Amino acid sequence: RGGLVAFGSCRSVVLYDPQKRKVVGTLNGHTERVNCVQWIHRNDGSQETELISGGSDRCLILWEIRSGKLVNYIRLEGHTEAVCALDVLSLEHQSSAESNLLIASAGSDSTIRIWSRCGTEVKCLQALQSGKGFVLDVSLSLLPGSDVPILACGGDNCGIYLYTQQDGQFQKQLVLQGHEDWIRGVEWAVCDGDLFLASCAQDCLIRIWKLQATLPPLLETGEEDVIRLKENIFTVNDNGGLDISFAVTLDSVLAGHENWVCAVHWQPSFFKGGRREQPRRLLSASMDKTVILWSPDEESGVWLEQVRVGEVGGNTLGFFDCCFSPDGTMVLAHAFHGALHLWKQTSVNKRDWAPQVVISGHFNSVQDVNWDPEGEFIITVGSDQTTRLFAPWKRKDQPEVFLFCFCKLGK
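Notes on the structure follow. (Residues numbered from 1 in each chain as written. Predicted model: local features only at pLDDT ≥ 70, side-chain atom pairs only at ≥ 80, totals over all residues. Heavy atoms only, no water.)

1. Examining the overall build of the protein
- In terms of regular secondary structure, the protein is built from 0 helices and 34 strands.
- Scored against the burial criterion, the 411 residues of the protein give a buried share of 48%.
- Here the contacts in the protein between residues at least 6 apart in sequence split such that 43% fall between residues at least 24 apart.
- If you sum the accessible surface of the protein, you get close to 21200 Å²; carbon and sulfur atoms cover 49% of it. (Helix = DSSP H or I, 4+ residues; strand = E, 2+ residues; numbered from the N terminus. Buried < 20%, exposed > 50% of the residue type's maximum accessible area, 1.4 Å probe, protein only. Contact = heavy atoms within 4.5 Å. Areas by Shrake-Rupley, 256 points an atom, 1.4 Å probe, with all protein chains shown as cover.)

What follows is the structure, given as structure tokens:
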């Protein structure tokens, strides 16, 4: 956000500028590996100044930065095992200049903890138990036309659990069934007044669910012969005291990956003409070594694969996560071998995406480094059990010289 990429690197959170191709800041505070990092989006569309991270040290850290420099940070402690997923919802009130935050975090202790940040005060509101299973991803949003928060959780039991906040506590409303393997990612997006949930799983599929307000279910409809999509209906009480019913239906199933789909993300929303607009574009990362950009066909409305980027051959294990740039013209992904991958949309043909130079390196601590006698190469060894050889790479269209890892030897 704001031109910076935030990612976890061992025990630190690194701020990287892809335009300058350099690390501009490092946030230190975790004592164990950082597992998840997320910028905190502001409802007014202004540049983000806060981000949150979770690590294997069983805590979350809320960071505030200005111009790439750390201004303040707050530790959130409560999990008894590693934090593996998190999401943040900004709740801004017109009567207050400060934005309140609602935070959901999932840990290896089989709990989802709900946190609240009001001003400078942070407290844990609730701890949801997931039984013997593990929650692998969480996502927060507001119900359409309401100020009631909704939480989606996906884990190792193939179901997506939906919780809504009632009287300050989250209560389970529905379990969405359909995936046939572990669910690796869930994310909400508001499109044309309706709420959409994208989910991905190890069954190689992506599912898009549509949530919209509906009339309460009737005992007798008198329309037994009408064919319609199956609806999962639940009712909540908004803060105004009214009961509102919502229906969840399966909107689309996207098939295109040939291995586990590890992450799915919507293109970030933006302000146009004073109102927020949400592009109907999805990005997915898979263990099949590809990243796919999906969007509906303009005529039929059917979701189709628009762009596919990735790697061919090599000893890589596929992509673990991905994201759009704020304007949707760049795609960033990271893989298990410790490198970021960046593609940029070309100005000539919008369907062409060209790879860009980006930071790379070990995915665990570096143990030794040495120059070759001629001073042309750098060789490194790390705790990730790889030896890497870095060499200068001068691109024809740019005068800069980059150090590029062109050889990686495993154990």
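2. Quick look at the sheet that holds strand 12 (residues 135-142)
- Spatial strand order, 12-13-14-15: 4 strands in an open sheet with antiparallel pairing. On the outer flanks of this sheet lie strand 12 and strand 15 (169-176), each paired with one strand and no other. Within this sheet the neighbouring strands show an average axis-to-axis angle of 25°, counted without direction. (Pairing = 2+ DSSP bridges. Axes fitted to C-alpha atoms, helices over the stretch in contact; angles between N-to-C directions.)

3. Brief notes about the environment of D251
- Looking at where D251 falls in the secondary structure, it is placed in strand 20 (residues 243-255).
- Residue class for D251 comes out partly exposed when judged on its relative accessible area of 34%.
- Sequence separation between D251 and W209 is 42 residues, and the spatial gap between their C-alpha atoms is 5.1 Å.
- Excluding its chain neighbours within four sequence positions, the residues that come into contact with D251 are F196, I208, W209, K210 and W303.

4. Some details on a nonpolar patch on the surface
- A contiguous nonpolar patch, built from L317, F320 and F336 and spanning about 270 Å² of accessible area, is present on the exposed surface.
- Following the sequence through the fold, F320 ends up in strand 27 (residues 319-324). (Patch = residues over 30% accessible without salt bridge, like charges linked within 9 Å, V, L, I, M, F, W, Y side chains within 5 Å. Salt bridge = Lys/Arg side-chain N within 4 Å of Asp/Glu carboxyl O.)

5. Points about the environment of R33
- Along the chain, the position of R33 falls in the loop between strand 3 (22-28) and strand 4 (34-39).
- What makes R33 exposed here is its relative accessible area of 54%.
- Those residues in contact with R33, other than ones at most four positions away along the chain, are C10, R11, G55 and S56.
- Polar contacts involving the side chain of R33 include one to the side chain of N35, which spans 3.0 Å. (Polar contact = N/O pair within 3.5 Å; in protein donor to acceptor, adjacent residues only side chain to side chain.)

6. Observations regarding the environment of G310
- Note that G310 resides in strand 26 (residues 303-310).
- Residue G310 is classed as partly exposed on the basis of its relative accessible area of 35%.
- Expressed as a C-alpha distance, the spacing of G310 and H341, which sit 31 residues apart in the sequence, is 8.5 Å.
- Leave out the neighbours within four places in its chain, and G310 touches K289, T290, F319 and W343.

7. Points about the packing of aromatic side chains
- This structure, assessed with the given rule, holds 4 aromatic pairs.
- Both rings, one in F319 and one in W343, keep their centres 6.0 Å apart while their planes meet at 75°; by these two values the pair is edge-to-face. Of this pair, F319 sits in strand 27 while W343 sits in strand 29 (residues 340-345), and the two are 24 residues apart along the sequence. W343 shares its class with F319; the two are buried.
- The ring of F196 has R280 sitting right over it, with the charged end atom 5.2 Å from the ring centre. (Phe/Tyr/Trp six-rings, centres within 6.5 Å; stacked < 30°, edge-to-face > 60°. Lys NZ or Arg CZ within 6 Å of the ring centre and 35° of its normal.)

8. Considering the pairing of strand 20
- Note: strand 18 (residues 205-214) against strand 20, 10 bridges, orientation antiparallel. Its bridge partner being in strand 20, R207 is matched across the sheet by V253.
- In the sheet, strand 19 (residues 232-237) pairs with strand 20 via 6 bridges, with the strands oriented antiparallel. Paired with T235 across the bridge in strand 20 is S245.

9. Things to note about the pattern of salt bridges
- For the structure on display, the rule yields 7 salt bridges.
- In this structure, E305 and R308 form a salt bridge, with 2.9 Å as the shortest nitrogen-oxygen distance.
- Accessibility expressed as a relative area gives 33% for E305, which makes it partly exposed.

10. Some points on the nonpolar core
- One finds I160, L162, L197, L211 and F234 to be the most contacted residues of the largest nonpolar core, which totals 20 residues.
- Secondary structure elements with two or more residues in this core: strand 13 (149-155), strand 14 (160-166), strand 15, strand 16 (183-191), strand 17 (194-201), strand 18, strand 19 and strand 20.
- Those residues within four positions of L197 in sequence are excluded, and the remaining contacts are A152, I160, L162, L176, V186, E187, W188, R207, I208 and W209. (Core = buried A, V, L, I, M, F, W, Y, C linked by side-chain atoms within 4.5 Å.)

11. Remarks on the sheet that holds strand 28 (residues 330-335)
- The strand order 27-28-29-30 describes an open sheet built from 4 strands, whose pairing is antiparallel. Either end of the sheet is taken by a strand with one partner, and the two such strands are strand 27 and strand 30 (353-356). In this sheet, adjacent strand axes meet at a mean angle of 25° when their direction is disregarded.
- In terms of strand pairing, strand 29 meets strand 30 through 4 bridges, oriented antiparallel. If you follow L342 over to strand 30, its bridge partner there is Q356.

12. Describing the side chain of Q38
- On the secondary structure map, Q38 appears in strand 4.
- Apart from the residues lying within four places of it in its own chain, the contact partners of Q38 are L51, I52, L86, D87 and V88.

13. Re the pairing of strand 26
- When strand 25 (residues 290-296) meets strand 26, the two strands line up antiparallel, connected through 7 bridges. Counterpart to P296 in the pairing with strand 26 is W303.
- Where strand 25 folds back onto strand 26 in an antiparallel hairpin, the turn is made up of 6 residues, including G301, whose phi is positive at roughly 80°.

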